[in-house]
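# Coordinate analysis (summary)
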Amino acid sequence: MPDSALAARIDAAVDANFDAEIAFLQELVRCPSLRGQEASAQDLMARSLAAHGYDVDRWKIDPAVIKDLPGASPVAVSYDNAWTVVGAWRPDRPTGKSLALNGHVDVVPTGPLDMWARPPFEPIIEGDWMYGRGSGDMKCGVAANLFAMAASKTAAVMPAADVYLQTVIEEECTGNGALSCFARGYHPDAALIPEPSGETLMSAQVGVVWMQVTVRGRPVQASVAGTGANAIEACVPLWNALHALEAEWNQIAHKHPAFSDEVHPINLVISRMEGGEWTSSVPSEARFDVRVGLYPDTSVEKIQRRLEACLAEAARDHPFLSNNPPEVAYHGFLSEGYVLREGPDAQAMLTAAHEAVTDTPLARRPFTGLTDARFFGMDGVPGLVYGPRAENIHGLDERVSIPSIRRVTKTIARFIADWCGTRPV
């Protein structure tokens, strides 16, 4: 732990800079960084990192560079405007341990705007909450990383080791943005990712597979619908079979030990559906997307084969699909799970920082979602996921707790000082 005088200066520095941190977060939320539209947010990050005095490395993600790396996911969209940004602090004659402060700026779609009580890309503050798409997941964490480092400088110290402030994209769909940092040569001794964890430390996370299933039917005019084969209706028994498989994976006998206390750790979602051509015609084609979780220590390939076998078995019992089986493709996440096993020193230092700031024990819990922490685990370093309290992420009226951001920023700043060591400015 930093000594009490330094810790007090760091906390005071976070408080002194906090209005600027919240204003910066609002500016970042105003960037509608949906998939393929993240460049404005990354432009803001590059400018801000440069203004804070860091060496800025900004590059376009090249699918050819990462496609054969462990953890790479298939690319299904153009990367012509896909950028990664890193701001690096590199002291002369570094001592201590290096650190990546990682965060993503990409956000998920808003859904119908009329279902939001407030405009999703207008960061409105009401009481202790800031509303807006991405405010919680996870632009608040990106701001906390930037201003935790700023607090060090305000407190007249800087880290004695290299620190990489990484802002990535594609976290919500492939993870290829974080992977591009490793391909670029960034290999820290530890990483901190302030995802909206509710001020808890992630102990494990599931992996995720994205699958797309195409079903072909036999189109006829609606007046003789019985002579055709309805592609949309043929999806229903496939969905039922997939959900039966989901139920099997959630049985106690199949649970991974890291998720033994979770009631329903594996979630399979039929997340997108399209099909049909004309209201008075039996549809000739339907297509649906599936997101499914998988336990740590289970290979993606094993889950793919199990999903494909499940669909094939359901098709064999269907009068039309038995001779016209569905087609399966993969177009996003092909990601294995992760258990936080490495780096007990890092966990101990983060725990001490959290408990000093909040005066409460640091709880640990498994995530039934996915983060970029898995890449750091694959690199043999601890990927610590710890961030502010947020609500309705990926939903309507997403919001983040402002007092929680303040506490997390102080915790991160103290952790940086302890993990990296400090030297006077």
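Presented here is an overview of the structure given in this document. Just so you know, these numbers come straight off a predicted model, no measurement behind them.

On to the sheet that holds strand S15 (residues 364–367). Strand order in the open sheet formed by 3 strands is S14-S9-S15, with mixed pairing between adjacent strands. Edge positions in the open sheet fall to strand S14 (338–339) and S15, since each of these has one partner strand only. For strand S9 (residues 201–205) and S14, the ladder comprises 2 bridges, and the chain directions are antiparallel. For Ala204, the partnering residue across the bridge sits in S14 and is Val339.

Between side chains of opposite charge, pairing is possible as soon as their charged atoms come close. This model, assessed by the stated rule, comprises 24 salt bridges. Across the pair Lys97 and Asp345 runs a salt bridge whose closest N-O atoms are separated by 3.8 Å. Placement of Lys97 in the loop between strand S2 (83–89) and strand S3 (99–104) and of Asp345 in helix H8 (residues 344–358) is noted, with a sequence separation of 248 residues between them. Of the residues examined, Lys97 reaches a relative accessible area of 32% and is grouped as partly exposed. We classify Asp345 as partly exposed; its relative accessible area is 44%. One salt bridge connects Arg118 with Glu126, and the closest N-O pair in it is separated by 3.1 Å.

Further remarks concern the side chain of Asp57. By the secondary structure assignment, Asp57 is in strand S1 (residues 55–60). Taking relative accessible area as the criterion, Asp57 reaches 17% and is therefore assigned buried. There is a polar contact of 2.7 Å between the side chain of Asp57 and the side chain of Tyr186. Not counting chain neighbours up to four residues away, the residues in contact with Asp57 comprise Thr84, Val85, Val86, Arg184 and Tyr186.

What follows covers the pairing of strand S7 (residues 163–168). Among the 6 residues that make up S7, 6 are buried, leaving the element largely enclosed by the rest of the structure. Here S7 shows a buried face lined by Val163, Leu165 and Thr167 and a second buried face lined by Tyr164, Gln166 and Val168. One ladder, built from 5 bridges, connects S2 with S7; its direction is antiparallel. Note that in S7 the partner of Ala88 across the bridge is Tyr164. Bridge count between S3 and S7: 6 bridges; the pairing is parallel. What sits directly across from His104, in S7, is Val168.

Once that is clear, we can look at the packing of aromatic side chains. Tallying each qualifying case throughout the model produces 8 aromatic pairs. Here the aromatic rings of Phe259 and Tyr295 are separated by 6.0 Å at their centres, their planes lie at 55°, and the arrangement is tilted. Taken together, the positions of Phe259 in the loop between helix H6 (235–249) and strand S11 (268–275) and Tyr295 in the loop between strand S12 (285–294) and helix H7 (300–316) put the pair 36 residues apart, joining distant regions of the chain. What makes Phe259 buried here is its relative accessible area of 0%. A relative accessible area of 7% places Tyr295 in the buried class. Chaining the aromatic ring pairs together yields one cluster made of Trp59, Tyr164 and Tyr186. Across the ring face of Tyr131, the terminal group of Arg118 is positioned such that the distance to the ring centre comes to 3.7 Å.

Now for unusual backbone geometry. Put simply, Asp137 and Met138 share a cis peptide bond, and its omega is -15°. You can see Met138 is positioned in helix H4 (residues 135–154). If you check the backbone angles, Arg93 has positive phi at about 50° while not being a glycine. Within the secondary structure, Arg93 is located in the loop between S2 and S3. Classification of Arg93 as exposed rests on a relative accessible area of 71%. With a phi angle near 65°, Asp297 is a residue other than glycine that sits in the positive phi range.

Calculation criteria
- Residues numbered from 1 in each chain as written.
- Predicted model: local features only at pLDDT ≥ 70, side-chain atom pairs only at ≥ 80, totals over all residues.
- Heavy atoms only, no water.
- Pairing = 2+ DSSP bridges.
- Helix = DSSP H or I, 4+ residues; strand = E, 2+ residues; numbered from the N terminus.
- Salt bridge = Lys/Arg side-chain N within 4 Å of Asp/Glu carboxyl O.
- Buried < 20%, exposed > 50% of the residue type's maximum accessible area, 1.4 Å probe, protein only.
- Polar contact = N/O pair within 3.5 Å; in protein donor to acceptor, adjacent residues only side chain to side chain.
- Contact = heavy atoms within 4.5 Å.
- Phe/Tyr/Trp six-rings, centres within 6.5 Å; stacked < 30°, edge-to-face > 60°.
- Lys NZ or Arg CZ within 6 Å of the ring centre and 35° of its normal.

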